[in-house]
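Read off the chains here:
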Amino acid sequence: MRTLPRPRGPLSSALLNLLERDDPSRAPELADRMEQSPVDPDIFFDEDLQLCLFVLYELHYSGFDSVADRWEWNTDLLQLRSRIEERFETRIMQSIPAIPRVEANAQSVAEALSAMVEAAPGRSVADFVARRATIDQVREFLVHKSIYQLKEADPHTWAIPRLGGRAKSALVEIQGDEYGNGLPGRMHSQLFARTMAGLDLDGEFGAYIDRIPAIVLASVNLMSLFGLQRRHRGAICGHLAIYEMTSSLPNAKYARGFRRLGFGAPVTDYFDEHVEADAVHEQIAARDLAGGLVEAEPQVAGNVFLGAAAALLLDGLAGTWQVDTWESGATTLLPAAEVPA
Amino acid sequence: MSATPGTSITLCPHGPLLVRGDFELLDAMGLTVDPRRGTVALCRCGGSLIKPFCDGTHKLLEFQAPDPTAARAPNIDDHPRSPT
Ligand SMILES: [Fe+2]
Ligand SMILES: [Fe+2]
């Protein structure tokens, strides 16, 4: 990312300050500061903690132009991250429905995942975009999506070396498509940048970080939480299965919404591509990836369904919040920084 | 998945036909239809708006695919044919 985000509370202030000054000697106190901060009952909506997590994870992706790469493996920051993750995971476990118990075969896993999708609560952003969203609201919609879609597929790619056999082939097959099958310009992240450009939005990753609220960051942080840790290799596969299984039909609705507002290609290309690609990916992800993994390692079945349930939970919360906010006539973006006089 | 021939077609339960491997997709004139990816899902429910490809509509239609093991079972007598 070009620049560090603005802080949103005491912990993110301390963290960003540390990174800006490039001063590792002050890192040890961060984790303690975290312990002293009051336990927020809802970390999903905690701006300070979700921003910290986002920044800590970003060190493992493209990093920040102004931050030295060696911070990625700073043990004090890793400790801080694991403390925030502990609260995040606890909250997730408290909030998801009972994990299904199924036979360790691909078909049963795929069926259980479909049943989870059917039962998931949450309001539909896709229906809202298709029928009612204004031009300002679809721009907000793109801004929120940009914090994942401009690095689409990356968090799931971490899992590749942790898998074997059928599950690994499945993941590589899906990711190959996500990364454009070797054709420059066809990466899904690049298609998304072109969609943004068509609405005069900045397609540089992280350009809108300061406008994106905690609940949206939480849904992205979730993928890094699962993707970066071997113990969550099941969860990141379950998460991807849910993403693929809840994509074709919503993307057709997004495309319809943008056409209703007068846009065509290349703005709609991203959505049209996902209608077609994810109809393939959902079959591979549910059966061969999630199902193949459970067949190979039955002991991670619970973790696969945890990832699936967490994906549905956080996207449901974010979607409901988004539609409710739009219906109340308000913006879903955090206020822009006041320009200093 | 077994060690395979060049092409496999998977009957996805209540969903599309997943075609993987070496294949060519041709229209009625014999012209190539660009599959745009290595593995494609072909519509089996008839409801897709992007045929021949799947767009997930089978889920809305609650498409029930016949049991593939029973596919050959229907009585041939149901479709009498005159000898040719
Ligand atoms: Fe994609
Ligand atoms: Fe996909």
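The rules we used
Here the residue numbering is sequential within each chain, running from 1 through the sequence in written order. Just so you know, chain letters begin at A and ligand numbers begin at 1, following the order they were written in. In keeping with the predicted nature of the model, local features appear solely for residues at pLDDT of at least 70, side-chain atom pairs appear and are counted solely at 80 or more, and the whole-chain, interface and lining totals rest on all residues. With hydrogens and water set aside, each side-chain value is computed from the structure's full complement of heavy atoms. With water excluded from the atoms, a metal site may look incomplete; its donors are any N, O or S atoms within 2.8 Å, or within 3.2 Å for Na, K and Ca. For the purposes of this entry, the term helix denotes a DSSP run of H or I that reaches at least four residues, the term strand denotes a run of E that reaches at least two, and both are numbered from the N terminus. To sort residues, take the accessible area from a 1.4 Å probe on protein chains only and compare it with the maximum for the residue type: under 20% means buried, over 50% means exposed, and anything in between is partly exposed. An automatic or database domain assignment supplies the residue ranges for each domain. Here, residues are in contact when the closest pair of their heavy atoms is within 4.5 Å. As a working definition, buried area equals the accessible area (1.4 Å probe) given up by two parts on being put together, with both sides summed. The working definition used for a salt bridge is a side-chain nitrogen of Lys or Arg within 4 Å of a carboxyl oxygen of Asp or Glu. Pairs of N or O atoms are called polar contacts if they sit within 3.5 Å, as long as, within protein, a hydrogen donor faces a hydrogen acceptor (for residues adjacent in sequence, only side-chain-to-side-chain pairs). The criterion for strand pairing is that DSSP finds at least two bridges linking the strands in question.

Side note on the coordination of the iron ion (ligand 2)
Residue and element names in this part refer to chain A.
Argument step 1. Every protein donor of the iron ion (ligand 2) is accounted for by Glu178 (OE), Glu244 (OE), Glu244 (OE), Asp278 (OD) and His281 (ND1), and the metal-donor separations fall at 2.0 to 2.6 Å.
Argument step 2. Ordering the donors of the iron ion (ligand 2) by residue number gives the pattern E-x65-E-x33-D-x2-H.
Argument step 3. In this structure, the iron ion (ligand 2) is positioned 3.8 Å from the iron ion (ligand 1), and both are ligated by Glu178. Taken together, the residues Glu178 in helix 9 (residues 165-178) and Glu244 in helix 12 (residues 233-245) connect sequence positions 66 residues apart.
Argument step 4. The class for Glu178 is buried, based on a relative accessible area of 5%.
Argument step 5. The class for Glu244 is buried, based on a relative accessible area of 3%.

Describing the domain arrangement of chain A
Residues and elements named next belong to chain A.
Argument step 1. With domains assigned, chain A is organised as domain 1 (10-95) and domain 2 (106-327).
Argument step 2. Taken together, the contact pairs 19 residues of domain 1 with 26 residues of domain 2.
Argument step 3. Of the roughly 2,000 Å² buried between domain 1 and domain 2, counting both surfaces, carbon and sulfur atoms make up 72%.
Argument step 4. The tally of links from domain 1 across to domain 2 stands at two salt bridges.
Argument step 5. Notably, a salt bridge pairs Glu89 with Arg231, separated by 2.6 Å at the nearest N-O pair.
Argument step 6. Run the count over domain 1 and domain 2 and you get nine residue pairs in polar contact (both at pLDDT 80 or more).
Argument step 7. Those elements giving two or more residues to the side of domain 1 that touches domain 2 turn out to be helix 3 (47-58) and helix 4 (75-95).

Concerning the pairing of strand 2 (residues 17-21) of chain B
The side chains of a regular strand alternate, first on one face of the sheet and then on the other.
Residue and element names in this part refer to chain B.
Argument step 1. Sheet analysis places strand 1 (residues 7-11) next to strand 2, joined by five bridges and oriented antiparallel. Of the residues in strand 2, the one forming a bridge with Leu11 is Leu17.
Argument step 2. Once strand 1 ends, the chain turns through five residues before running back antiparallel as strand 2, passing His14 with a positive phi of about 55 degrees.
Argument step 3. Where strand 2 meets strand 3 (residues 40-42), three bridges bridge the pair, whose relative direction is antiparallel. Each residue of the ladder has a partner; that of Val19, found in strand 3, is Val40.

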